[in-house]
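Listed below, chain by chain, are the residues.
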Protein chains: 2
Amino acid sequence: MNSNSREAILAAAKRAAQAHGYSGLNFRELAQTVGIKSASIYYHFPSKADLGAAVAKRYWEDTAAVLQDMLAETPDPLRCLRQYPDIFRRSLESENRLCLCSFMSAEYQDLPETVKKEVQTFADVNVAWLSRVLAAAATIGAGESEKRARAIFAAVAGAQLIARSRADIALYDEIIDSYRVAGLLTA
Amino acid sequence: MNSNSREAILAAAKRAAQAHGYSGLNFRELAQTVGIKSASIYYHFPSKADLGAAVAKRYWEDTAAVLQDMLAETPDPLRCLRQYPDIFRRSLESENRLCLCSFMSAEYQDLPETVKKEVQTFADVNVAWLSRVLAAAATIGAGESEKRARAIFAAVAGAQLIARSRADIALYDEIIDSYRVAGLLTA
DNA sequence: ACCTGAACACCGTTCAAGT
DNA sequence: ACCTGAACACCGTTCAAGT
């Protein structure tokens, strides 16, 4: 294969990890998807930990880009907030996949340090964005936006997790709607 | 070992699965904890799937008992609601463990059917209890209690997941508190 | 530079054999 | 009834060797 193997591995690993977690990453299967031998993966990533960290890093970078685009296209903070759960919905639409970092949060105790770090950054990116949007919306007290941001992030991740366990997107929509009714999403 | 091996295996497997998931259940390690050889586990549980299902079943049975006791000791529905998140808090207190069924929800795609069934029952037990307490509290519209129950269950599971990923119980408390402030827990 | 075959230790599982 | 040793196929990983 050519030097694009690295990108192909990253893409395949991302999809696999969203379905089976870090521990479920299977080098032989991954290699087969990419079209190389499992030993060849180690040329691009020195260890499973390195691959995991690279995948998680790419994951939050991609999410950060999506969030930035959303804010650029939809300057109205309230409408932005409304769209936030769509990001997690898209994973479920894609063969009932989970947020990579939710899966890795479950696997926390068995994660290499470098991977843990990227998982935390994913959370930080989401909370920072939500916090900023909440502050702009000014629907809750100043100084409360970061705390509320963490709550929204956790709640949306939980909704995705529970909906996945029944392979039921309608359940996800219902839970998100219920958050809105209760006032958690301040919409 | 004596015939209590079965119980010892169940107990050890429960703790291990809360930390490492179903896929992380390791028969050799499990056997060592119990004091028998890994092959002996198969005398009590014909397969890993059977062990997993038995563990998940016991898990929701225990939770159902705890919930029932709570309602018996604290007939006031509002106070009951207030105590609900303590159940998930206790897992975090116990070496940062996750709800077994949250972990298994993440692992959903790789779970044997018999295990999936028990995971769903865990969710059902929680939602039914919350729904009943919410209806008794009568703080939200009639007919809305089941929907709200699902939202609370998902949100609390999410809070536990996120707090685990930082090994930070204070974060759990903060998110739960934020749910209360927002009005999700109707307290 | 990029890839591979062969080998290692490890795991779920089976099964015949022990007491 | 309850447990074990030995064996099987499989997986993450390594590494010397290929082109």
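For the structure itself, look to the data block above.
Keep in mind that what you see is a predicted model, and the values were worked out from it rather than measured.

**A closer look at the relation of the copies chain B and chain A**
Stage number 1. For the match of chain B to chain A, the screw axis carries a shift of 0.0 Å, the RMSD comes to 0.1 Å, and the turn is 180°. What the rotation and shift describe, once combined, is the action of a two-fold rotation axis.
Stage number 2. Residue by residue, 95% of the interface of chain B is reproduced at the interface of chain A, so both copies engage with the same surface.

**Digging into the state of the cysteines**
Chemically, a disulfide is nothing more than a covalent bond linking the sulfur atoms of two cysteines.
Stage number 1. Enumeration over the complete set of coordinates arrives at zero disulfides over all chains.
Stage number 2. Here Cys 101 of chain A is not cross-linked by a disulfide; its sulfur's nearest cysteine counterpart is in Cys 99 of chain A, at 5.0 Å.

**So, the packing of helix α5 (residues 77-93) of chain B against helix α8 (residues 145-164) of chain B**
Residues and elements named next belong to chain B.
Stage number 1. For the pair α5 and α8, the least separation of the axes is 10 Å and the interaxial angle reads 30°. When the axis of α5 is compared with that of α8, the two are roughly parallel. The handedness of the crossing between α5 and α8 comes out as right-handed. The residues of α8 that touch α5, namely those facing Leu 81, Tyr 84, Pro 85, Phe 88, Ser 91 and Leu 92, are Ile 152, Phe 153, Val 156, Ala 157, Gln 160, Ala 163 and Arg 164.
Stage number 2. Among the residues making up the contact of α5 with α8, the classes are represented as ten nonpolar, two polar and one charged.

**Considering the pattern of salt bridges**
Residue and element names in this part refer to chain A.
Stage number 1. Using the criterion set out here, one finds 24 salt bridges over all chains in the structure.
Stage number 2. For Arg 15, the salt bridge goes to Glu 95, with nearest N and O atoms at 3.0 Å. Residue Arg 15 is found in helix α1 (residues 5-20), and its partner Glu 95 is found in the loop between α5 (77-93) and α6 (100-106); the two are separated by 80 residues along the sequence.
Stage number 3. Through salt bridges with shared partners, a single ionic network connects Arg 15, Glu 95 and Arg 97.

**Brief notes about the interface of chain B and chain A**
Stage number 1. Contacts between chain B and chain A engage 44 residues on the former and 42 residues on the latter.
Stage number 2. Summed over both partners, the interface of chain B with chain A comes to about 3800 Å²; 57% of that surface belongs to carbon and sulfur atoms.
Stage number 3. Three residues stand out in chain B for area buried against chain A, namely Gln 109, Lys 147 and Arg 166 of chain B, and they jointly supply 15% of the buried area on that side.
Stage number 4. The interface formed by chain B and chain A holds six salt bridges in total.
Stage number 5. A salt bridge links Asp 124 of chain A to Arg 166 of chain B, with the shortest nitrogen-to-oxygen separation between them at 3.2 Å.
Stage number 6. The interface formed by chain B and chain A holds 18 residue pairs in polar contact (both at pLDDT 80 or more) in total.

**Digging into helix α4 (residues 48-73) of chain A**
Stage number 1. The end-to-end C-alpha distance of α4 of chain A, which contains 26 residues, comes to 37 Å, matching closely the 38 Å that a straight helix rising 1.5 Å per residue would cover.
Stage number 2. At the N-terminal end of α4 of chain A, a side-chain oxygen is found 3.3 Å from the backbone nitrogen of Ala 49 of chain A, two or three residues along, and the residue is Ser 47 of chain A.

**Some details on the nonpolar core**
Side chains that are nonpolar tend, in soluble globular proteins, to be buried together.
Stage number 1. By size, the foremost hydrophobic cluster in this structure holds 131 residues, and its most contacted members are Leu 51, Tyr 84 and Tyr 179 of chain A together with Tyr 84 and Tyr 179 of chain B.
Stage number 2. If near-sequence neighbours (up to four positions away) are discounted, Tyr 84 of chain A is found in contact with Leu 67, Met 70, Asn 126, Trp 129, Leu 130, Ile 152, Phe 153 and Val 156 of chain A.
Stage number 3. Formed by eight residues, the second largest nonpolar core is a distinct cluster that contains Leu 98 of chain A together with Leu 98, Phe 103 and Ala 106 of chain B.

Rules of the game
Residues numbered from 1 in each chain as written. Chains lettered and ligands numbered in written order. Predicted model: local features only at pLDDT ≥ 70, side-chain atom pairs only at ≥ 80, totals over all residues. Heavy atoms only, no water. Least-squares fit on C-alpha atoms with pLDDT ≥ 70 in both. Contact = heavy atoms within 4.5 Å. Disulfide = S-S within 2.5 Å. Axes fitted to C-alpha atoms, helices over the stretch in contact; angles between N-to-C directions. Helix = DSSP H or I, 4+ residues; strand = E, 2+ residues; numbered from the N terminus. Parallel < 35°, antiparallel > 145°, perpendicular 65-115°, else oblique. Left-handed = near helix turned anticlockwise from the far one by under 90°. Nonpolar A, V, L, I, M, F, W, Y, C, P; charged D, E, K, R; others polar. Salt bridge = Lys/Arg side-chain N within 4 Å of Asp/Glu carboxyl O. Buried area = accessible area lost by both parts, 1.4 Å probe. Polar contact = N/O pair within 3.5 Å; in protein donor to acceptor, adjacent residues only side chain to side chain. Expected span 1.5 Å × (residues − 1). Core = buried A, V, L, I, M, F, W, Y, C linked by side-chain atoms within 4.5 Å. Buried < 20%, exposed > 50% of the residue type's maximum accessible area, 1.4 Å probe, protein only.

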